[in-house]
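Architecture and fold: a report
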Amino acid sequence: MPESEPATPAHTHRRKRSLSRRGAIGAGVAVAGAAVLTPAVFAATESDPGSASNAGSASGSGSASGADAATTPEKFPATRSAAATGTGTATTSFAASYVGVRWSGDPGGAGIRFPGDTGFQPLTGGCATVDGGGTALVAAGNAKTYEVRAQGATTDVRSLAIDTARGPDRTFQVPSQPTRVRGVRYLSRPAWGADESKRYKDGKVNSPEKYYALQSITVHHTDTPNGDPDPAATVRAIYEYHAVTLDWGDIGYHFLIDEAGDIYEGRCSGDDGIPAFNPDGDLVTAFHTAGYNSGNLGIALLGTLTDQGPTDAAKASLTRLIKVIARFKGLDPQAQITYTNPVNGVTKTVTTVGGHRDWLQTDCPGQTMYDLLTEVRADAAR
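We now turn to the structure provided with this report. (Residues numbered from 1 in each chain as written. Predicted model: local features only at pLDDT ≥ 70, side-chain atom pairs only at ≥ 80, totals over all residues. Heavy atoms only, no water.)

The pairing of strands in a sheet happens through backbone hydrogen bonds and is either parallel or antiparallel. Strand order in the open sheet made by the 5 strands is E16-E15-E18-E14-E21, with mixed pairing throughout. Looking at which strands have only one partner, the edges of the open sheet turn out to be strand E16 (263-265) and strand E21 (353-355). Strand-to-strand, the axes of this sheet are offset by a mean angle of 25°, without reference to chain direction. (Pairing = 2+ DSSP bridges. Helix = DSSP H or I, 4+ residues; strand = E, 2+ residues; numbered from the N terminus. Axes fitted to C-alpha atoms, helices over the stretch in contact; angles between N-to-C directions.)

All right, on to the pattern of salt bridges then. Side-chain pairs of opposite charge can arise whenever the charged atoms involved come near each other. Scanning the model with the defined rule gives 14 salt bridges in all. The partner of glutamate 147 in a salt bridge is arginine 113, and the shortest N-O contact between them spans 2.9 Å. Residue glutamate 147 is found in strand E7 (residues 133-150), and its partner arginine 113 is found in strand E5 (residues 110-113); the two are separated by 34 residues along the sequence. Residue classification places arginine 113 among the partly exposed residues on the basis of a relative accessible area of 29%. Of the charged contacts, one joins lysine 198 and glutamate 240 as a salt bridge, the two residues approaching to 2.9 Å between their closest N and O atoms. Linking lysine 198 in the loop between strand E10 (183-185) and strand E11 (200-201) with glutamate 240 in helix H2 (residues 231-245), this pair joins segments that are 42 residues apart in sequence. No difference in accessibility class separates lysine 198 from glutamate 240, as the two residues are buried. Several salt bridges share partner residues, and in doing so they unite Arg189, Glu196, Arg199, Glu209, Asp250 and Arg267 into one network. (Salt bridge = Lys/Arg side-chain N within 4 Å of Asp/Glu carboxyl O. Buried < 20%, exposed > 50% of the residue type's maximum accessible area, 1.4 Å probe, protein only.)

Time to look at unusual backbone geometry. Backbone phi values are negative for most residues with the exception of glycine, while trans is the configuration of most peptide bonds. Going from cysteine 364 to proline 365, the amide bond is cis rather than trans, its omega being 15°. Counting through the fold element by element, proline 365 comes out in the loop between E21 and helix H4 (367-371). Unusually for a residue other than glycine, aspartate 156 sits at a positive phi of about 50°. Within the element layout of this structure, aspartate 156 appears in strand E8 (residues 155-163). With relative accessibility at 43%, the residue aspartate 156 sits in the partly exposed group.

Right, let's get into the packing of helix H3 (residues 312-329) against helix H5 (residues 373-381). The packing of two helices is summarised by the inter-axis angle and the distance between the axes. Viewed as axis vectors pointing N to C, H3 and H5 meet at an angle of 50°, and their least axial separation amounts to 8 Å. Between H3 and H5, the angle falls in the class oblique. Here the hand of the crossing between H3 and H5 comes out right-handed. On the side of H3, the interface is formed by Lys315, Leu318, Thr319, Ile322 and Lys323, while H5 contributes Glu375, Val376, Asp379 and Ala380. The class makeup of the residues in the contact of H3 with H5 is 4 nonpolar, 1 polar and 4 charged. (Parallel < 35°, antiparallel > 145°, perpendicular 65-115°, else oblique. Left-handed = near helix turned anticlockwise from the far one by under 90°. Contact = heavy atoms within 4.5 Å. Nonpolar A, V, L, I, M, F, W, Y, C, P; charged D, E, K, R; others polar.)

Quick look at the nonpolar core now. In this structure, Trp192, Val235, Ile238, Leu256 and Tyr264 are the most contacted members of the largest nonpolar core, which totals 31 residues. Broken down by element, the residue count for this core peaks at 7 residues, all from H2. In this structure valine 235 touches Trp192, Ile251, Leu256, Tyr264 and Leu302, once residues within four positions along its chain are discounted. (Core = buried A, V, L, I, M, F, W, Y, C linked by side-chain atoms within 4.5 Å.)

Let's shift gears to H3. Compared with an ideal rise of 1.5 Å per residue, which puts 18 residues at 26 Å, H3 spans 26 Å between its outermost C-alpha atoms and is within 8% of the ideal. Along H3, the residues that are buried comprise Ala314, Lys315, Ser317, Leu318, Thr319, Leu321, Ile322, Val324, Ile325, Ala326 and Phe328. Positive phi appears at glycine 330, one or two residues downstream of H3, with a value of about 65°. (Expected span 1.5 Å × (residues − 1).)

The next thing to look at is the packing of aromatic side chains. The tally for this structure, following the rule as stated, stands at 9 aromatic pairs. On the numbers, 5.5 Å between centres and 90° between planes, the contact of phenylalanine 76 with phenylalanine 172 is edge-to-face. Of this pair, phenylalanine 76 sits in strand E2 (residues 71-77) while phenylalanine 172 sits in strand E9 (residues 169-175), and the two are 96 residues apart along the sequence. The same class applies to phenylalanine 76 and to phenylalanine 172, which are both buried. Seen in terms of ring centroids, phenylalanine 114 and tyrosine 146 are 6.4 Å apart; in terms of plane orientation they differ by 50°. Their pairing is tilted. Here the residue phenylalanine 114 occupies a position in the loop between E5 and strand E6 (121-122), and tyrosine 146 occupies one in strand E7, the gap between them amounting to 32 residues. For the pair formed by phenylalanine 114 and tyrosine 146, the shared burial category is buried. Members of the aromatic cluster, connected to one another through ring pairs, are Tyr292, Tyr339 and Trp359. Sitting over the face of the ring of tyrosine 370, arginine 357 holds its NZ or CZ atom 4.8 Å from the ring centroid. (Phe/Tyr/Trp six-rings, centres within 6.5 Å; stacked < 30°, edge-to-face > 60°. Lys NZ or Arg CZ within 6 Å of the ring centre and 35° of its normal.)

This next bit is on H2. Turn by turn, an α-helix covers 3.6 residues, leaving residues three or four places apart pointing in a common direction. Compared with an ideal rise of 1.5 Å per residue, which puts 15 residues at 21 Å, H2 spans 20 Å between its outermost C-alpha atoms and is within 8% of the ideal. In the stretch just after H2, aspartate 247 is the one whose phi turns positive, near 60°.

The residue threonine 164 is located in the loop between E8 and E9 in this model. By relative accessible area, threonine 164 is classed as buried at 1%. For the pair threonine 164 and alanine 233, spaced 69 residues apart in sequence, the C-alpha to C-alpha distance is 5.3 Å. With residues near it in sequence (within four places) discarded, threonine 164 still touches Pro77, Thr79, Ser97, Ala233, Thr234, Arg236 and Ala237. Here alanine 233 takes part through its backbone oxygen, which lies 2.7 Å from a polar atom of the side chain of threonine 164. (Polar contact = N/O pair within 3.5 Å; in protein donor to acceptor, adjacent residues only side chain to side chain.)

Written out as structure tokens, the structure is:
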């Protein structure tokens, strides 16, 4: 959630080959001992090893205007959404990929059902948390109707049907040069179709960027379906859910990883060409661990990792990403630390690299993924 830090977020367009020139977080040079990479080295690419601000920006462009030689126009489906308030049946004019729901009162006090369901599925678990209530993002299976139920003292129910796969095409300027580097590659925000207008409310950035020194890394799962045929569309749905339904003003994670091992840039960190960080090396605050967001980097694996683990490709990308970030800031992934919230001074003893459940009462990142974190830490520390 935004960083006031109360005590207690049909066809595929996933890019498979062409990655942003700024889309490679490079361990492009050897790092000896506890040496810390500079932001420029952190974002450097093999084709331009001395530059951290290659073509394209963290914010990206949502239209074909302003195109230059370093970008290529690419079409992504525009996100369609339809809001509803209260309980009962809601109908949309389009087939929904997901429905985001938020309510006040009992965190487990709401349920949803779609055509063909025999009963209501409880809206519990998941990754995002909100103060004074509950929230969930639920796969809708292309339904055009759904019904929300509230129990007990649950009030102020709001829902948003989301389609990120079949809307009218919208043109984005995507960095055109493929990147091949030693280190970790990722898809920049334009390369997965992030509509930057979602970050604005009443003509202003809804959650202005704030930056603090990196202290910890938290692993999540998105609690979305496994075997996702269009992960970029799911990332856009999570973005819509976090930015609009939850009113966070952006996607809640710094990075997301799909089952193929592709990494997606999350929270906007400015126009400097450095994902997640500013030029001084401080981390942009995101919205993934309520009460402990500042200085805490969030990485979410797409899928539900409760009874099954991540794919080998996703796990390898997670490990490489953690290793590069830890080297960047001179962190030991296995160390026990005392995290201190720089906003309000709240402290918590955690491991440098941990799971969402180490901070809050939640199932995230799923039991199977959580059990693998010891291995991930050890591999990232090598």
